[in-house]
Amino acid sequence: MYQYIRLALSNLAHRGLRSLLTLVGIFIGIAAVVALISLGNGLQEAITGQFATLSADRLVIQNAGDAFGPPGAGSIAKLTDHDKKIVASTSGVSRVLSRYVRIGRMDFNKIAGFEFLSSFPSEQDDFDYFVESFKLEAAEGKIPSADERGTIVIGSGFTENTYGKPLKVGTSVTIQGKSFEIIGILKETGSFQFNTAIFMAEDDLKKIFNIENEIDFIVAQVTDLKQVDNVAEAIKRALRKDRNEKEGSETFSVESPLQALSAINTILIGINAVIAGIAAISLMVGGVGVANTMYTSVLERTREIGTMKALGAHNRDILKVFMTESALLGLVGGIGGALIGLILAFAVSGIASHALGGITLAVTISYPLISASILFAFILGLFAGTLPAIKASKLNTVEALRS
Amino acid sequence: MKHPVITLKNVSKYYYMGDTTVKAVDGISLSIDKGDFVAIMGPSGSGKSTAMNLTGSLDIPTAGHIYLDGHNIAHLEESELAQLRGKKIGFIFQSFNLIPNLTAKENIKLPMLFQDQEEEEKEAQAEKLLALVELSDRGDHYPNQLSGGQQQRVAIARSLANDPEVILADEPTGNLDTKTGAKVMSFLEQLNQQGKTIIIITHDPDKALAHARTIYWIKDGKVDKITKKTGASWKEIKS
């Protein structure tokens with residue numbers, strides 16, 4: 001067999017460029033599969049990580065137009081303290097927080113930037129609950145108390161490069177025209193939204209954005225996890241009644257973060273399916289490419305085949321010669337494709353980590369996956385080469401010699 | 001006494017092209033004795049190439065019988081015939097027919113590959129044959145790095161790989177100049193002296209007369225006459 005492999009390798013090398021072009025088809029398919037699956041887990045983890053700080057027993061009430069968008073944009077009816085009271089009085093709700101997230105201008109070191117500004121609850125009890133449930137810890141400085149004003153806590157994602165100079169504890173920055181002192185820097189959390197956010201007292205945030213009776217979103221803690229859906233329905237009913245709205249045309253939404261997560265997972269599965277489909281098509285085209293190359297090769301080497309037959313090659317020897325070649329094409333395509341796929345996965349992961357700051361997109365190298373991809377490419381090559389090889393083996397010796 | 005390695009009994013080969021039947025070979029009988037140096041002589045179009053293909057068991061006749069080493073080739077399976085042919089007959093072609101992307105040595109090993117020989121055995125045999133054709137230092141060269149004469153010598157070495165009884169050479173000097181051609185012929189003569197049966201196909205009567213001891217003169221697909229050399233003189237025998 002070694003001799004056949006040697007023979008096949010030298011034949012493939014002899015047709016270098018053509019072999020390479022044939023391989024590209026397989027490269028793309030296998031690389032796509034390998035990159036996709038290597039990144040798939042990391043992508044899922046990264047996205048799930050954004051929700052890690054949220055839990056299943058918390059409901060988020062937002063204006064209907066706000067879902068997934070910046071709060072306050074495009075909504076008709078605003079959430080108010082009145083709504084907060086309604087939510088709080090719904091049975092099964094143990095705690096209600098009002099939350100604000102806005103994008104604001106920050107000036108520091110003569111550089112202006114736009115940052116996510118997030119509110120700390122104003123009651124000490126809620127404040128402690130918030131800090132604890134989102135696992136906020138100070139890496140430097142401290143977490144303030146609920147009654148402090150004029151101070152901010154920044155996420156871990158602000159680097160020296162963000163504003164040209166490091167943002168340190170004790171530094172003063174200007175946000176929306178008002179001066180704030182950095183009192184703490186957070187440890188890195190699983191959520192990149194938190195890592196790039198600036199936290200300030202609710203009162204301060206409301207003041208700098210001139211917010212009066214308006215809440216960006218209401219977080220409701222549910223007493224019994226099993227009752228989450230019922231409580232959500234109850235809140236919906238109460239708000240509908242208060243606003244005099246019909247079911248299906250609400251101006252607000254009540255969502256459990258896990259619902260959003262499952263929606264994102266559905267999207268991820270969809271994206272994976274599309275890429276897998278493209279990979280499958282590419283592999284099919286790759287297989288056709290191998291078959292085509294092998295047919296051409298049989299035509300070109302007709303006399304060689306005749307010679308080998310005259311030298312005592314059995315039909316099955318000729319079959320072996322050509323099958324080995326196409327299987328090797330598949331194998332090399334598989335190995336090359338897997339390598340390209342891994343490089344691609346690492347590159348995407350690197351770029352993502354760099355561009356998205358706090359986010360880490362981990363690459364998982366799955367050896368079973370890689371072996372399976374390579375094996376698949378090998379079988380694909382073998383399969384694609386079968387018909388051309390049979391054609392070659394059945395050539396009439398005399399006619400082949402004459403060509 | 002000598003016994004025939006290859007026998008053709010009243011063999012015909014017809015080709016059908018549309019309505020016309022081309023009788024490339026029309027009732028040829030010949031018998032190749034072991035150790036003989038045979039020339040199949042004829043002008044182009046005489047059917048000598050078809051005769052050679054039949055003699056070499058490369059082709060199946062339309063009518064008649066071909067015996068290779070006592071076996072009627074019509075009764076052999078494809079793989080049995082390939083095996084037998086690979087073992088009994090070594091082929092040399094006018095245009096060498098070396099595999100371009102194999103080295104000289106690998107080309108020589110090729111027929112052994114199809115006989116499933118051990119690697120060490122193949123290696124040793126290839127070295128021996130390279131030495132025989134005086135190309136020991138060219139074993140790693142590819143055909144396009146060799147001159148025509150060298151290529152044909154590699155082809156001779158290759159034809160000897162499985163130590164066949166018969167060497168069948170189709171116009172072995174047809175693509176060579178006179179001098180290198182003479183060298184190739186002298187190799188064939190040497191092999192004949194060592195006991196190999198040599199069959200050459202040629203259109204050149206001088207070449208046939210100079211080297212062969214039996215000449216089949218082919219004309220219009222039939223054996224026109226057979227001449228045999230005894231001592232220094234030629235004698236025509238009845239076909």
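See the structure printed just above.
In what follows, the accompanying structure is described. Since this is a predicted model, take the numbers as computed values, not measurements.

Moving on: the overall build of chain A. Helix and strand content of chain A: 12 helices and 11 strands. Evaluated residue by residue, chain A yields a buried proportion of 39% over its 403 residues. Taking all contacts inside chain A whose residues are at least 6 apart in sequence as the whole, residues at least 24 apart take part in 83%.

With that settled, the discussion passes to the sheet that holds strand 3 (residues 37-41) of chain B. All names here are of chain B. Reading across the sheet, the seven strands line up as 6-7-8-3-9-10-11 and stay open at both edges, with mixed pairing between neighbours. For this open sheet the edge positions go to strand 6 (89-92) and strand 11 (233-237), each flanked by a neighbour on one side alone. Direction aside, the axes of adjacent strands within the sheet are offset by 20 degrees on average. Pairing geometry for strand 6 and strand 7 (residues 166-170), over four bridges, is parallel. Within strand 7, the residue paired with I89 across the bridge is V166. Docked against the sheet, helix 5 (residues 148-159) engages strand 6 and strand 7, running at close to 170 degrees with respect to strand 6.

Residues and elements named next belong to chain A. Between its first and last C-alpha, helix 1 (residues 2-14) extends 18 Å over 13 residues, near the 18 Å set by a 1.5 Å rise per residue. Listed as buried for helix 1 are L7, A8, N11 and L12. All buried residues of helix 1 project into a common sector of 130 degrees when viewed along the axis, lining one side. Of the residues in helix 1, the exposed ones pointing more than 90 degrees away from the buried face are Y2 and A13.

All names here are of chain B. With antiparallel pairing, four strands are arranged side by side in an open sheet as 2-1-4-5. In the strand order of this sheet, the two ends are held by strand 2 (20-33) and strand 5 (71-72), each with one partner. With five bridges joining them, strand 1 (residues 4-17) and strand 4 (residues 63-68) adopt antiparallel strand pairing. Along strand 4, the bridge assignment pairs K9 with H65.

Looking now at the interface of chain A and chain B. Contacts between the two partners involve 19 residues from chain A, matched on the other side by 21 residues from chain B. Those elements that provide at least two residues to the side of chain A that touches chain B are helix 1, helix 9 (302-310), helix 10 (315-355) and helix 12 (397-402) of chain A. Considering each element in turn, the side of chain A that touches chain B owes the most residues, six residues, to helix 9 of chain A.

Criteria and thresholds
Residues numbered from 1 in each chain as written. Chains lettered and ligands numbered in written order. Predicted model: local features only at pLDDT ≥ 70, side-chain atom pairs only at ≥ 80, totals over all residues. Helix = DSSP H or I, 4+ residues; strand = E, 2+ residues; numbered from the N terminus. Buried ≥ 20, exposed ≤ 12 C-beta atoms within 10 Å, placed from the backbone. Contact = placed C-beta atoms within 7 Å. Pairing = 2+ DSSP bridges. Axes fitted to C-alpha atoms, helices over the stretch in contact; angles between N-to-C directions. Expected span 1.5 Å × (residues − 1). Arc of directions from axis to C-beta.

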